[in-house]
Amino acid sequence: MCTLTYLPTNNGFIVTQNRDESPLRGKPIFPYKSESPLAHYPKDPDGDGTWMAATKDTVVCVLNGAFEPHERHLPYKHSRGLLPLLILIRPDHELKLSDAEELEPFSVFIFNSKYVRRYTWDAQDLYLEEFSPSDRHIFQSAPLYSPAMQSLRSDWFFNWSIIHPTPHPKDILEFHLLGGEGNGETDICMYRPGVQTTAITQVVYTPLSTTYSYRNLLSDEEGEISF
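These remarks concern the structure in this document. As the structure is a prediction and not an experimental result, all values here were calculated from the model.

**Structural notes on the overall build of the protein**
Move 1: The secondary structure content of the protein amounts to four helices and 14 strands.
Move 2: A globule of 227 residues ought to have a C-alpha radius of gyration of about 17 Å, and the protein, at 16 Å, matches this closely.
Move 3: With the C-alpha coordinates aligned to their principal axes, the bounding extent of the protein is approximately 45 × 40 × 35 Å.
Move 4: The buried share among the 227 residues of the protein stands at 52%.
Move 5: Taking the contacts inside the protein whose residues are at least 6 apart along the sequence as the reference set, 56% of them involve residues at least 24 apart.
Move 6: Carbon and sulfur atoms make up 52% of the accessible area of the protein, which amounts to about 10,700 Å² in all.
Move 7: Taking the average location of the 19 positive side-chain charges in the protein and that of its 30 negative ones, the two points are 5 Å from each other.

The structure is reproduced here in structure tokens:
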């Protein structure tokens, strides 16, 4: 749940996310559709949640950790992967302090045509940040990437952005798969002992349709739905 990019387009936006996890976790179920909220996502069988859920007009993503690495203090109330579904139930997509308490630190991002928001929980306080929906953004997980690594990877993204002023969804998917310098520790599609990029998800939104694509890098399975 650890590298996330947002690209505005002429008539919508593209959100793409790499899931960096233990390859030993259960195989996600895609496509999965919930009724309340009415959302589509890959379902994590271990936590019953997801790292990226989408409705017709809104995408909610989770990254592990807050602003800096933290120590785990088990047990936690529930999986952070349930937060996207909780947020999408609410008309204003609000997250409350009581929702975050007793959970492991996280960053939750909300994307739609009106705003880009980040809620961050550091185990003490819940922060809300607003970002311009007309700008490009990259967000990364603090537990996995040091400030120096994040800066390097951000440079890759913004250099890529210069070369791709009007990117196709496949262009940013290629960046999420191949971006970097051939170093598994820092590449966008990362690989380290015990943790690696196991899946890439993408939502392409326009006023006429929303398309959700999923690629499982462990099994090389792919899927796509439009709604």
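**So, the pattern of salt bridges**
Move 1: Considering all chains together, one arrives at 11 salt bridges under this definition.
Move 2: The salt bridge partner of Lys27 is Glu221, with a shortest N-O separation of 2.4 Å. Of this pair, Lys27 sits in the loop between strand E2 (12-21) and strand E3 (29-35) while Glu221 sits in strand E14 (residues 221-226), and the two are 194 residues apart along the sequence.
Move 3: With its nearest N and O atoms 3.7 Å apart, the salt bridge here joins Arg118 to Glu129. Placement of Arg118 in strand E8 (residues 116-121) and of Glu129 in strand E9 (residues 126-131) is noted, with a sequence separation of 11 residues between them.
Move 4: The class of Arg118 is buried, set by a relative accessible area of 11%.
Move 5: Each of the salt bridges in this network shares a partner with another, and the network as a whole consists of Arg19, Arg25, Asp44 and Asp46.

**Remarks on helix H3 (residues 147-163)**
Move 1: Taking 1.5 Å as the rise per residue, H3 with 17 residues should run 24 Å; its terminal C-alpha atoms sit 25 Å apart, in good agreement.
Move 2: As for H3, its buried residues are in contact with strand E1 (3-9), strand E10 (137-140) and helix H4 (169-178).

Basis of the calculations
Residues numbered from 1 in each chain as written. Predicted model: local features only at pLDDT ≥ 70, side-chain atom pairs only at ≥ 80, totals over all residues. Heavy atoms only, no water. Helix = DSSP H or I, 4+ residues; strand = E, 2+ residues; numbered from the N terminus. Rg over C-alpha atoms; globule rule 2.2 N^0.38 Å. Buried < 20%, exposed > 50% of the residue type's maximum accessible area, 1.4 Å probe, protein only. Contact = heavy atoms within 4.5 Å. Areas by Shrake-Rupley, 256 points an atom, 1.4 Å probe, with all protein chains shown as cover. Lys, Arg positive; Asp, Glu negative; His and termini not counted. Charge placed at Lys NZ, Arg CZ, Asp CG, Glu CD. Salt bridge = Lys/Arg side-chain N within 4 Å of Asp/Glu carboxyl O. Expected span 1.5 Å × (residues − 1).

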